[in-house]
Amino acid sequence: MKVLVTGGAGFIGSDFVRLAARKGWKVIVVDKLTYAGDMERLKPIQDRIDFYNVDILDKLELKKIFEKQRPQTVLHFAAETNIDKSVIEPSIFMETNIIGTIYLLELANEFKVEKFINITSYEEYGEIKEGERDEDCPLNPRSPYAVSKASSDMLGQVYWRALKLPVVTVRLCSIYGPWQNPERLIPMTILKALRNEQIPIYGTGDIIREWLYLCDCVRAILLLLEKGKVGEVYNVGSGERFTVIEIVKRILKMLDKPESLIKFVPDRPGHEKRFAINSEKIKNTTGWAPTTKFELGLRATVEWNLSNRTWLFKKLFYYEDLWSRLYKEE
Ligand SMILES: NC(=O)c1ccc[n+]([C@@H]2O[C@H](COP(=O)([O-])OP(=O)(O)OC[C@H]3O[C@@H](n4cnc5c(N)ncnc54)[C@H](O)[C@@H]3O)[C@@H](O)[C@H]2O)c1
């Protein structure tokens, strides 16, 4: 198996790369190494992969990689991924997530790849007050991030319908686990709690998300690479849904830190209250089911971050600047 992985130095992509390399596959990674990418995630298998520090918006360089490597399959993880940041800096999200995806689809079509796994997000369905969304529900993206991901998602489907490029679309719920950048709720809470700093929570912290542990997510993607039907869309979720405040309180308890560290800040306008997806289709197609319950996964994530504090604290200067722009006081 010869796989080209975009965004392979990111949180989820790197876990897939580690797994694929351990399976003895030929892995080609394309990653721009933005603030979100980090080669440390790939250290244990670095000498077993071909790494290209390339922007997916650089079509000429991308084409050279396709010409040289001739990958059988493409797993497209590369993206700008911070939803809150997309509200204040949307253009880079449209460039990377939409134009970058088009370039990859064009090249995958030109070089006749056997499967293109397009990684997208449950945010594309938009807010849902009750129940859950399945793959046939209409998309209703509400943030610039979700708009860019829905565009990437639909472009992939168009390439299947119009050109028979074998695209499988994977809509992930919120993923958490080791190696996640502290711009996301769980590692941010751990980092701030360890520094005894106030933890900013939008509104009353009542927004609800669905949470899946990293290794369960990557196992699902691997199974969809093997067994996913081309042209189809698959939701990948756990069914485990929690409010933000509930998660933050659990982490503080695990770290033996006081709840007084929580600081409520004004919510951002249009913040979607609840996302929830139905993941029966992947279960029926591949036999996949999540194995790590949230409580266990959260504990493992807290422990991983405690043992890897140096990494967690590494880009603090970047995140401090980001937080100051995102979380404004009254
Ligand atoms: N993490 C989640 O909870 C979650 C949920 C749903 C969907 N997703 C999707 O899963 C994928 C991976 O998410 P993640 O959390 O690992 O993201 P991440 O932000 O940790 O990693 C993104 C990676 O893409 C790279 N990248 C960004 N712009 C690039 C460009 N122009 N060219 C090449 N590389 C570029 C970055 O350097 C980084 O290594 C994304 O497509 C994201 O939209 C993630």
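Residues numbered from 1 in each chain as written. Predicted model: local features only at pLDDT ≥ 70, side-chain atom pairs only at ≥ 80, totals over all residues.

*Asks:* Just to check I follow, could you spell out the overall build of the chain for this structure?
*Replies:* Broken down by element type, the chain carries 12 helices and 12 strands. For the chain, whose C-alpha radius of gyration is 19 Å, the value lies close to the compact-globule estimate of 20 Å for 330 residues. By the burial criterion, 43% of the 330 residues in the chain qualify as buried. Sequence separation of 24 or more characterises 81% of the internal contacts of the chain that already satisfy a separation of 6 or more. (Helix = DSSP H or I, 4+ residues; strand = E, 2+ residues; numbered from the N terminus. Rg over C-alpha atoms; globule rule 2.2 N^0.38 Å. Buried ≥ 20, exposed ≤ 12 C-beta atoms within 10 Å, placed from the backbone. Contact = placed C-beta atoms within 7 Å.)

*Asks:* In this structure, what is going on with the domain arrangement of the chain? I would like to understand it.
*Replies:* Note on interface size: it is often stated as the accessible area lost on association of the parts. For the chain, the assigned domains read domain 1 (2–175 + 212–236) and domain 2 (177–209 + 240–273 + 291–326). Domain 1 puts 20 residues into the contact, and the matching count from domain 2 is 20 residues. Those elements that provide at least two residues to the side of domain 1 that touches domain 2 are α1 (11–22), α3 (83–88), β7 (174–176) and α7 (214–227). At 4 residues, the largest contribution of residues to the side of domain 1 that touches domain 2 is made by α3. (Domains from an automatic or database assignment.)

*Asks:* For this particular structure, what's the right way to read the sheet that holds strand β5 (residues 115–121)?
*Replies:* Strand order in the open sheet formed by 7 strands is β3-β2-β1-β4-β5-β6-β10, with parallel pairing between adjacent strands. Two strands lie at the open edges of the sheet, namely β3 (49–52) and β10 (233–236), each paired on one side alone. Geometrically, the sheet is characterised by an average inter-axis angle of 20° between neighbouring strands, direction not taken into account. For strand β2 (residues 26–30) and β3, the ladder comprises 4 bridges, and the chain directions are parallel. The residue of β3 that forms the bridge with V27 is I49. Sheet strands touched by helix α2 (residues 59–69): β1 (2–6), β2 and β3. Its angle to β2, the strand with the most contacts, is close to 175°. Contacts between helix α4 (residues 90–110) and the sheet are confined to β1, β4 (73–76) and β5, with β4 contributing the most and set at about 170° to the helix. (Pairing = 2+ DSSP bridges. Axes fitted to C-alpha atoms, helices over the stretch in contact; angles between N-to-C directions.)

*Asks:* Help me out: how do you make sense of the packing of α1 against α7 in this one?
*Replies:* Two quantities define a packed helix pair, namely the angle between the axes and the distance from one axis to the other. Two elements in contact, α1 and α7, have axes whose closest approach is 10 Å; the angle formed by their N-to-C orientations is 65°. The handedness of the crossing between α1 and α7 is right-handed. Within the contact between the two elements, α1 uses I12, D15, F16 and L19 and α7 uses L214, C217, V218, I221 and L222. (Left-handed = near helix turned anticlockwise from the far one by under 90°.)

*Asks:* How do you make sense of the site of the ligand when you look at a structure like this?
*Replies:* The local shell around the ligand holds 30 residues, among which G7, G10, F11, A36 and G37 are the closest. Mapped by element, the contributors of at least two residues to the shell around the ligand are α1, α4, β5 and β7. Examining the composition of the shell around the ligand, we find that 3 residues originate from one element, α1, more than from any other. Taken together, the residues of the shell around the ligand break down into 13 nonpolar, 12 polar and 5 charged. (Near = placed C-beta within 6 Å. Nonpolar A, V, L, I, M, F, W, Y, C, P; charged D, E, K, R; others polar.)

*Asks:* Please clarify how the sheet that holds β7 should be interpreted in this entry.
*Replies:* What holds strands together in a sheet is hydrogen bonding between their backbones, with the strands either parallel or antiparallel. Strands sit in the order β7-β9-β11 across an open sheet of 3 strands; the sheet is mixed. Where the open sheet ends on each side, the last strands, each with one partner, are β7 and β11 (241–243). Strand-to-strand twist of the sheet, defined as the mean angle between neighbouring strand axes without regard to direction, takes the value 50°. In this structure, β7 lies alongside strand β9 (residues 208–213), joined through 3 bridges in parallel fashion. Bridged to I175 within β9 is L212. Sheet contacts for α7: β7 and β9; angle to β9, the most-contacted strand, approximately 75°.

*Asks:* What exactly am I supposed to notice about the environment of N308 here?
*Replies:* Along the polypeptide, N308 turns up in the loop between α10 (294–307) and α11 (309–313). Sequence separation between N308 and F264 is 44 residues, and the spatial gap between their C-alpha atoms is 28 Å.

*Asks:* What exactly am I supposed to notice about the packing of α4 against helix α5 (residues 144–163) here?
*Replies:* Relative to each other, α4 and α5 sit at 15°, their axes nearing to 9 Å. It follows from the interaxial angle that α4 and α5 lie roughly parallel. The handedness of the crossing between α4 and α5 is right-handed. Where α4 abuts α5, its residues P90, F93, M94, N97, I98, T101, I102, L105 and N109 lie against P144, Y145, S148, K149, S151, S152, L155, G156, Y159 and L163. Taken together, the residues that form the contact of α4 with α5 break down as 11 nonpolar, 7 polar and 1 charged. (Parallel < 35°, antiparallel > 145°, perpendicular 65-115°, else oblique.)

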